[in-house]
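What follows is each chain in one-letter form.
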Amino acid sequence: MGLSTSYLSKSSTNSPPRCSRSLSPMAPPPQPRATVPLQVAAGGSGSSSSSSLFAPPARDYTQDLPDKILALVFASLAPADRSACSLVCARWKEVDAATRHHLSLDARAGLGHAAPALFARFAAVTKLALRSARGSGADSLADDGAAAAAAALPSDRLARLKLRGLQQLSDTGLSSLAAAAPALRKLSVASCTFGPKAFVAVLQACPLLEDLSVKRLRGLPDTAGAASAITEEIKFPQALSLRSVCLKDLYSALCFVPLVASSPNLRTLKILRCSGAWDLPLEVITARAPGLVELHLEKLQVGDRGLAALSACRNLEVLFLVKTPECTDSGIISVAEKCHKLCKLHIDGWRTNRIGDFGLMAVARGCPDLQELVLIGVNPTVLSLRMLGEHCRALERLALCGCETVGDAEIICLAERCAALKKLCIKGCPVSDRGMEALNGGCPSLVKVKLKRCRGVSYECVESLKITRGGSFSISLDIVLEHDAGSAIENGVQETGLAQIDELTDEMAGMDLPTNAAGAQSSTHTSNRMRSVMSMIWRRFGNPQPQ
């Protein structure tokens, strides 16, 4: 940027310690280094004199830039580059510190001692992440260090706080951090050891909290099946400002049911891979928070009774049902009959064949505003696809993955009925060129098609579609599996071996988080089983014999 050599050398010598993306309070300062100007001899024809082609400018022209412009330049840099630039001179250090809003710290035990100096320098921080690396164990931030850091926090500015892997932090430590951030709007915790009672203090100290994410807590009580007892034990204050809650990988997530139920203005709820029976809790939640707009349920013990409880949420627009094998057509029908504003529906049936035409036809009749439909392991036919095309006139995005009943007839039906369809994804379905050719004159709004593991579709058909539709139309065909199969046969591996690979893949897909507290204790056994399966695949197919 036009800095003189002597100026750079001087500023580098007196520069402060480097502030990297993950700042360590105990890191030693970098060693000073001298800067030597680069002299290059320029030799022209008939000239023997030498001069510097890259002579430094007479003065530092960056001093003419206002602080606001310099701050905009810093904002466009990556964190590592920005930290390096803050070492150039005292002015750049001040501008960086005054305009840095996001700070990520290595939350070691010594952070409490370094916190006053750090937060005195970075007084404009609004997003703070405290992370402890894996294996740090007893060296991570504890309650006394959290109290010292809380005393130095810019409490009037901090709006987002993220805690990761703080194994030494208890309910008391989280309470002290929350008490120091009354303007907090988003809190995310993962792999920590405090329990649900700590969040009582969080809701009391942070009345503006809007977004709460809780993942992999290790301090939860072993009461996975007693929702009523937990409700009586922990009394959460009413959270009027809470809009979004995410519970993920919790073996006693039912502890947080009272918290969710105490949020009458809740709009988004995600319950992912949590143990316990969720039919009754969903009834409690939807009765007290009927304004839900977005709901994600993944790998839960929930059935039609829980889905029927969603009928109280008349404004529901987004519903994800991922690997919930107890849900059937009856539950989908109860949702479709009441939630008429549904515009995005994702169903991963996990090949249980309990959701099919009847549920999808109810969606077609009751949800005319549907715009996006993703079906994985669900087997629709022409009956339901025809109704979806006729009643859901706004359907723009459709994905059919692993649907054994989706063949040429179903694709032809879509081409004739879905006039608004813009994006189509087909994966692992028995379609052929005959069905795809129907897209030549159908689906006039279609702009993107993605095909994967559709062995009946040829590249010639794909090229024909590109030429016929032209314009901005895009289509991709992935037949990697066919290529892999041919290579395997050339190497002496039989097709029966490929079938065994598919079976092992399905087996690995089922090795998910246990759905009860007892199963959580067997996670080590599950990991060992996964390693055994991978070793088996490698020994069987990883080293084919040369021909």
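Note that the coordinates shown come from a computational prediction; the quantities given were computed from them, not determined experimentally. (Residues numbered from 1 in each chain as written. Predicted model: local features only at pLDDT ≥ 70, side-chain atom pairs only at ≥ 80, totals over all residues. Heavy atoms only, no water.)

Student: What am I meant to see in the overall build of the chain here?
Tutor: Across its full length, the chain holds 22 helices and 16 strands. Among the 547 residues that make up the chain, the fraction classed as buried is 46%. A separation threshold of at least 6 residues defines the contact pool for the chain, and within that pool the share at least 24 residues apart is 76%. Of the accessible surface of the chain, which amounts to about 26500 Å², a share of 53% is contributed by carbon and sulfur atoms. (Helix = DSSP H or I, 4+ residues; strand = E, 2+ residues; numbered from the N terminus. Buried < 20%, exposed > 50% of the residue type's maximum accessible area, 1.4 Å probe, protein only. Contact = heavy atoms within 4.5 Å. Areas by Shrake-Rupley, 256 points an atom, 1.4 Å probe, with all protein chains shown as cover.)

Student: Explain the packing of helix 14 (residues 357-366) against helix 15 (residues 382-391) here, please?
Tutor: To describe two helices that pack against each other, one gives the angle between their axes and the distance between the axes. Taken N-terminus to C-terminus, the directions of helix 14 and helix 15 make an angle of 10°; their axes are 8 Å apart at the nearest point. Viewed along their axes, helix 14 and helix 15 adopt a mutual orientation that is roughly parallel. Contacts from Asp 357, Leu 360, Met 361, Ala 364 and Arg 365 in helix 14 reach Leu 383, Ser 384, Met 387, Leu 388 and His 391 in helix 15. Each residue belonging to the contact of helix 14 with helix 15 can be placed in one class, and the counts come to six nonpolar, two polar and two charged. (Axes fitted to C-alpha atoms, helices over the stretch in contact; angles between N-to-C directions. Parallel < 35°, antiparallel > 145°, perpendicular 65-115°, else oblique. Nonpolar A, V, L, I, M, F, W, Y, C, P; charged D, E, K, R; others polar.)

Student: What am I meant to see in the packing of aromatic side chains here?
Tutor: The relative placement of two aromatic rings is captured by the distance of their centres and the angle of their planes. All told, the structure shown has three aromatic pairs when counted by the stated rule. Plain terms: the ring middles of Phe 74 and Trp 92 are 5.8 Å apart, the flat faces sit at 75° to each other, and that makes the pair edge-to-face. Of this pair, Phe 74 sits in helix 2 (residues 67-75) while Trp 92 sits in helix 4 (residues 90-99), and the two are 18 residues apart along the sequence. Accessibility expressed as a relative area gives 1% for Phe 74, which makes it buried. The class for Trp 92 is buried, based on a relative accessible area of 4%. Ring geometry for Phe 199 versus Phe 256: centroids 5.4 Å apart, planes at 75°, classification edge-to-face. One end of the pair, Phe 199, is in helix 8 (residues 198-205); the other, Phe 256, is in the loop between strand 7 (244-248) and helix 10 (257-261), and 57 residues separate them in sequence. Exposure remark for Phe 199: the relative accessible area of 0% places this residue in the buried category. Among the aromatic residues, those joined into a ring-pair cluster are Phe 194, Phe 199 and Phe 256. (Phe/Tyr/Trp six-rings, centres within 6.5 Å; stacked < 30°, edge-to-face > 60°.)

Student: Is there a simple way to explain helix 5 (residues 111-121) in this structure?
Tutor: Note on helix geometry: an α-helix contains 3.6 residues per turn, so any two residues three or four positions apart are oriented the same way. Regarding helix 5, the residues found buried are Leu 111, Gly 112, Ala 114, Ala 115, Leu 118 and Phe 119. Along the long axis of helix 5, the arc covered by the buried residues comes to 140°, so they all point the same way. Structural note: helix 5 exposes His 113, Ala 117 and Ala 120 on the side pointing more than 90 degrees away from its buried face. (Arc of directions from axis to C-beta.)

Student: What is the right way to read a positive patch on the surface from this model?
Tutor: Taken together, the side chains of Lys 423, Lys 448, Lys 450, Lys 452, Arg 453 and Arg 455 define a basic patch exposed on the protein surface. Residue contributions to the positive patch peak at three residues, all from strand 15 (residues 448-452). With respect to the helices and strands, Lys 448 occurs in strand 15. (Patch = residues over 30% accessible without salt bridge, like charges linked within 9 Å, V, L, I, M, F, W, Y side chains within 5 Å. Salt bridge = Lys/Arg side-chain N within 4 Å of Asp/Glu carboxyl O. Lys, Arg positive; Asp, Glu negative; His and termini not counted. Charge placed at Lys NZ, Arg CZ, Asp CG, Glu CD.)

Student: Would you mind showing me how to read empty space enclosed by the protein here?
Tutor: Take a probe with the size of a water molecule and roll it over the atoms, and the empty space left behind shows itself. Within this structure, the stated rule accounts for three cavities of 30 Å³ or more. The space that makes up the largest cavity amounts to roughly 60 Å³. (1 Å grid on protein atoms, 1.4 Å probe; cavity = no way out; pocket = protein on both sides within 12 Å on 5 of 7 lines; lining within 4 Å. Points joined across faces, edges and corners; volume = space filled by probe spheres on them.)

Student: Explain helix 11 (residues 279-288) here, please?
Tutor: Restricting attention to buried positions, one finds in helix 11 the residues Asp 279, Pro 281, Leu 282, Ile 285 and Thr 286. When helix 11 is viewed along its axis, its buried side chains cluster within an angular range of 155° and face the same direction. Residues of helix 11 that are buried in the fold lie against helix 10, strand 8 (268-272), strand 9 (294-298) and helix 12 (304-309).

Student: Help me understand the pairing of strand 2 (residues 102-106) in this model?
Tutor: Across a regular strand the side chains alternate sides, sitting on one face of the sheet and then on the other. For strand 2, the tally of buried residues reaches four of five residues, placing the bulk of the element in the interior. In the sheet, strand 2 pairs with strand 3 (residues 127-131) via five bridges, with the strands oriented parallel. Across the sheet, Ser 104 pairs through a bridge with Ala 129, a residue of strand 3. After leaving strand 2, the chain enters helix 5 and then returns to the sheet as strand 3, a path that is right-handed. (Pairing = 2+ DSSP bridges. Right-handed = clockwise from strand over helix to strand, strands pointing away.)

Student: For this particular structure, what's the right way to read the pairing of strand 12 (residues 372-376)?
Tutor: Among the five residues in strand 12, four count as buried, and that is most of the element. Where strand 11 (residues 344-348) meets strand 12, five bridges bridge the pair, whose relative direction is parallel. From the neighbouring strand, Leu 345 faces strand 12, where its bridge partner is Leu 373. In this sheet, strand 13 (residues 397-401) lies alongside strand 12 in parallel orientation, the contact comprising five bridges. By the bridge assignment, Glu 372 is partnered in strand 13 with Arg 397. As a crossover connection, the stretch from strand 12 through helix 15 into strand 13 is right-handed.

Student: Quick question: what am I supposed to make of the environment of Leu 272 here?
Tutor: Among the secondary structure elements, Leu 272 is positioned in strand 8. Overall, Leu 272 belongs to the buried group, its relative accessible area being 14%. C-alpha of Leu 272 to C-alpha of Leu 297: the two residues are 25 residues apart in sequence and 5.9 Å apart in space. Discounting residues that sit within four places of it in the chain, Leu 272 has contacts with Cys 246, Leu 247, Lys 248, Asp 249, His 296 and Glu 298.

Student: Explain the nonpolar core here, please?
Tutor: Most often, soluble globular proteins keep nonpolar side chains buried together rather than apart. If you look at the biggest cluster of nonpolar residues, it comprises 131 residues, and the most contacted ones within it are Leu 128, Leu 130, Leu 163, Phe 199, Leu 217, Phe 256 and Met 436. Among residues more than four places away in sequence, those in contact with Leu 217 are Val 189, Cys 192, Phe 194, Phe 199, Leu 250, Tyr 251 and Phe 256. (Core = buried A, V, L, I, M, F, W, Y, C linked by side-chain atoms within 4.5 Å.)

Student: What exactly am I supposed to notice about the side chain of Arg 469 here?
Tutor: In this fold, Arg 469 is placed in helix 18 (residues 459-469). No salt bridge is formed by the buried Arg 469; its nearest oppositely charged neighbour, Glu 437, is found at 13 Å. A polar atom in the side chain of Arg 469 sits 2.9 Å from the backbone oxygen of Gly 442. Excluding residues that lie within four positions of it along the chain, Arg 469 makes contacts with Leu 439, Asn 440, Gly 442, Cys 443, Pro 444, Ser 445 and Leu 446. (Polar contact = N/O pair within 3.5 Å; in protein donor to acceptor, adjacent residues only side chain to side chain.)

Honestly, that's just the spatial picture; any functional story needs more than this.
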